[in-house]
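Structural overview
Each chain, letter by letter, is given below.
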There are 2 protein chains.
Amino acid sequence: MISALPADLERALNAAAGRQFSHLFLVACGGSLSIMMAGKYFLDRHSGTFACDIYNADEFVCRDPRRLGPDTLVVLCSQTGNTKETVRAANHAKDRGAMTIGMTLDQTSPLARAVDHPIAYQASYTTGKAIDAAYSNYGVLYMLLAGLIDAREDGGLTDDLLISLSHLQPAIERAHRAYADRFETFAARFAPREAIYTLASGASYGAAYSYAICVLMEMHWYDSQAIHANEFFHGPFEVVDRDASFVVLLGLDETRSLSERARDFLIKYGSRENILVLDGAELDLGGMSEHIKPYLVPLVFFDTLWRFAYKLAGLRDRPMLEGRRYMKKLSDY
Amino acid sequence: MISALPADLERALNAAAGRQFSHLFLVACGGSLSIMMAGKYFLDRHSGTFACDIYNADEFVCRDPRRLGPDTLVVLCSQTGNTKETVRAANHAKDRGAMTIGMTLDQTSPLARAVDHPIAYQASYTTGKAIDAAYSNYGVLYMLLAGLIDAREDGGLTDDLLISLSHLQPAIERAHRAYADRFETFAARFAPREAIYTLASGASYGAAYSYAICVLMEMHWYDSQAIHANEFFHGPFEVVDRDASFVVLLGLDETRSLSERARDFLIKYGSRENILVLDGAELDLGGMSEHIKPYLVPLVFFDTLWRFAYKLAGLRDRPMLEGRRYMKKLSDY
């Protein structure tokens, strides 16, 4: 059970200590980019000193923001550490004089070797290993950001975060049990659909994004999109009819009312049977600090939604990771 | 033909002159949010002094970024000036002491009255009026940002932008003629589809976003998503089969190679007949400055794509604006 920052993370924070960065860039691709969205929400809420941008790694290299330079910090993430775009982004950031921190599963990977400070994390579903979610990509990113903020703005975030992370894995296990029946019911309804949308706001938007593009599209070939809960009312809501299928993530952060409004619309103009709502308020998050809960809810959502994806896979006769037709199968892409 | 900054824009720039802002927030909803994405690209490329965030208006209010304060500038946009979320965001920004600039068609609207400095722009498709695109939402936003940068960083952007904008409307007219046959062909192919995706990167991503959510979803009820050209390879590309229908925007900015790579994949693993490519390199942009062209290409794309939407509407027997079932028809949303 986690009780202190991991040693590699501590080393990175020590190296960053005393430096005043004008800007923090969070850079990755796909699922690894999605966690950066939650990281930025955390930073926006708590930091008055860091400006923060999120970019897809190739966009970052080509866009080459003029603010990128020696007084900036670039945090990158790639699960395998082999993502070419992310390695290229790390090298680009170093060429511009920025300090680089790289999160990856494999400390011998190209990303780990490219950055100034590699940090390890753990993953479960894509590796088949049982892990403590405190050490997942989200968990490690939050610890890093809390450490950066605490060193500059005296937020006292790290202590509360560590206590809360120590209660995360049990909360996830409880959520798996609590959602099992609901997932069974909705998997039968959603399996034959052509399109399934995800909807969220604030700290949970990244989880919705990853689920839409890395699970529903990548592994199930559904048509999908992660719709921001308020942007929903400025166009996307017109697709809603009685058959429209949505996964709605109701977080506990300051933007909760946005997703509640969208949920209410969906239930009124769509059909309750096709709206799968995961509500942070129904989770047992015992032991977590009240002001940290909103940031950990997306991890619970995302972890449990993997189970839902496997349920869909069973009904659709889709083999998930092994069923992809292009990813990791084409040498030229 | 435009030859100088509009008077209201000049007044806003004068009011902002001499103030050093730590942060620029670009805030709006839906189609008005999409232009902010291009604005941020322009700013990222040219400004070392402005950090810049884009937020949906309701997200902005609830997230309440800690950096928002008296040394920040908030630029908002709403076509009617009646968008409740955007008016709320303007009031929130003023409560936090920020300077506010609001872009809208109607200078007597709630947004115009809420902000410190209202700026007018013009719109064509949603109003039925013929306009000079120099005065469109994109055109006015670029003029504002160029003026802000020039006053602080001596970029000389405004002069080149004004000259380029004076050549924009003729370039759009030429593009309409150049694309007419292609749109005819693709409308017949796309009309019976269930899902149509848009794909872009860099300065053109916002145009793809607006087309996906405000046109294809809102007015045609297609399933859709604006897919970032590199994110495409980290999940979404798995949906590609011979029937997959994409609109690909190939801009002229620094990220062009990202969209070229995605286009090549789509043509190889999808079907050329279902990939509608709009390529900035095939446009006649005569008279525009080379380094401004990349920012104006998305306006040409978006304007011409409206014509494509009307072609689809004809074949699908959909009345476009009048055919929406919820937007502006429900009193409670």
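Residues numbered from 1 in each chain as written. Chains lettered and ligands numbered in written order. Predicted model: local features only at pLDDT ≥ 70, side-chain atom pairs only at ≥ 80, totals over all residues. Heavy atoms only, no water.

With an unreviewed UniProt entry as reference, chain A is termed Fructosamine deglycase FrlB, source organism Mesorhizobium delmotii.

Here the focus is the domain arrangement of chain A. Residue and element names in this part refer to chain A. What the domain assignment lists for chain A is domain 1 (7–164) and domain 2 (168–317). Computed over C-alpha atoms only, the centres of domain 1 and domain 2 are separated by 26 Å. Taken together, the 24 residues of domain 1 in the interface contact 29 residues of domain 2. Applying the counting rule to domain 1 against domain 2 returns one salt bridge. The closest approach of N and O atoms between Glu254 and Arg45, which form a salt bridge, is 3.3 Å. Seen at the junction of domain 1 and domain 2, the total is eight residue pairs in polar contact (both at pLDDT 80 or more). Counting only elements with at least two residues in the side of domain 1 that touches domain 2, the list comes to helix H2 (30–46), helix H6 (137–153) and helix H7 (157–165). Per-element tally for the side of domain 1 that touches domain 2: the top contributor is H2, with nine residues. Partitioning the side of domain 1 that touches domain 2 into residue classes produces 13 nonpolar, eight polar and three charged. (Domains from an automatic or database assignment. Contact = heavy atoms within 4.5 Å. Salt bridge = Lys/Arg side-chain N within 4 Å of Asp/Glu carboxyl O. Polar contact = N/O pair within 3.5 Å; in protein donor to acceptor, adjacent residues only side chain to side chain. Helix = DSSP H or I, 4+ residues; strand = E, 2+ residues; numbered from the N terminus. Nonpolar A, V, L, I, M, F, W, Y, C, P; charged D, E, K, R; others polar.)

We now examine the interface of chain A and chain B. With 73 residues of chain A at the interface, the matching set in chain B holds 73 residues. With both sides pooled, the region where chain A packs onto chain B buries about 6,000 Å², and carbon together with sulfur makes up 50% of that total. Residue Arg63 of chain A pairs with Asp44 of chain B through a salt bridge whose shortest N-O separation is 2.8 Å. Counting across the interface, chain A meets chain B through 56 residue pairs in polar contact (both at pLDDT 80 or more). (Buried area = accessible area lost by both parts, 1.4 Å probe.)

With that out of the way, let us pick up the relation of the copies chain A and chain B. For these two chain copies, the linking operation is a rotation about an axis paired with a shift along it. If you rotate chain A by 180° and push it 0.0 Å along the axis, it lands on chain B with an RMSD of 0.0 Å. A rotation of that kind, with that shift, is consistent with a two-fold axis. Nearest to the rotation axis, the C-alpha of Gln225 of chain A is located 2.7 Å from it, this being the minimum over chain A. (Least-squares fit on C-alpha atoms with pLDDT ≥ 70 in both.)

The gaps of empty space that remain are located by a probe, the size of a water molecule, rolled over the atoms. With the rule as written, the count across this model stands at three cavities of 30 Å³ or more. Considered as a void within the structure, the largest cavity measures approximately 1,200 Å³ in volume. Partitioned by chemical class, the residues of the lining of the largest cavity number 22 nonpolar, nine polar and 10 charged. Its boundaries defined by the atoms lining it, the second largest cavity holds a volume of some 60 Å³. Surrounding the second largest cavity, His23, Asp53, Pro65, Arg66 and Arg67 of chain A together with Lys40, Leu43, Asp44, Ser47, Phe50, Ala51 and Cys52 of chain B form its lining. Elements represented by at least two residues in the lining of the second largest cavity include exactly helix H2 (30–46) and strand S2 (51–56) of chain B. (1 Å grid on protein atoms, 1.4 Å probe; cavity = no way out; pocket = protein on both sides within 12 Å on 5 of 7 lines; lining within 4 Å. Points joined across faces, edges and corners; volume = space filled by probe spheres on them.)

Moving on: the pattern of salt bridges. Under the counting rule described, the total for this entry stands at 34 salt bridges over all chains. The partner of Lys40 of chain A in a salt bridge is Asp44 of chain A, with the nearest N and O atoms 3.1 Å apart. With a gap of four residues between them, Lys40 of chain A and Asp44 of chain A both fall in helix H2, about one helical turn apart. In this structure, Lys40 of chain A and Asp44 of chain A share a single accessibility class: buried. Of the charged contacts in the structure, one is a salt bridge between Arg263 of chain A and Asp264 of chain A, with a shortest N-O distance of 3.1 Å. Residues participating in the shared-partner salt-bridge network are Lys40 and Asp44 of chain A together with Asp53, Glu59 and Arg63 of chain B. (Buried < 20%, exposed > 50% of the residue type's maximum accessible area, 1.4 Å probe, protein only.)

A few words now on the side chain of Ser47 of chain B. With respect to the helices and strands, Ser47 of chain B occurs in the loop between H2 and S2. Classification of Ser47 of chain B as buried rests on a relative accessible area of 1%. In terms of polar contacts, Ser47 of chain B uses its side chain to reach the backbone amide nitrogen of Thr49 of chain B, at 3.2 Å. Side-chain polar atoms of Ser47 of chain B contact the backbone nitrogen of Phe50 of chain B, separated by 2.9 Å. Dropping the residues within four chain positions of it, Ser47 of chain B is found in contact with Arg66 and Arg67 of chain A together with Ile149 and Glu153 of chain B.

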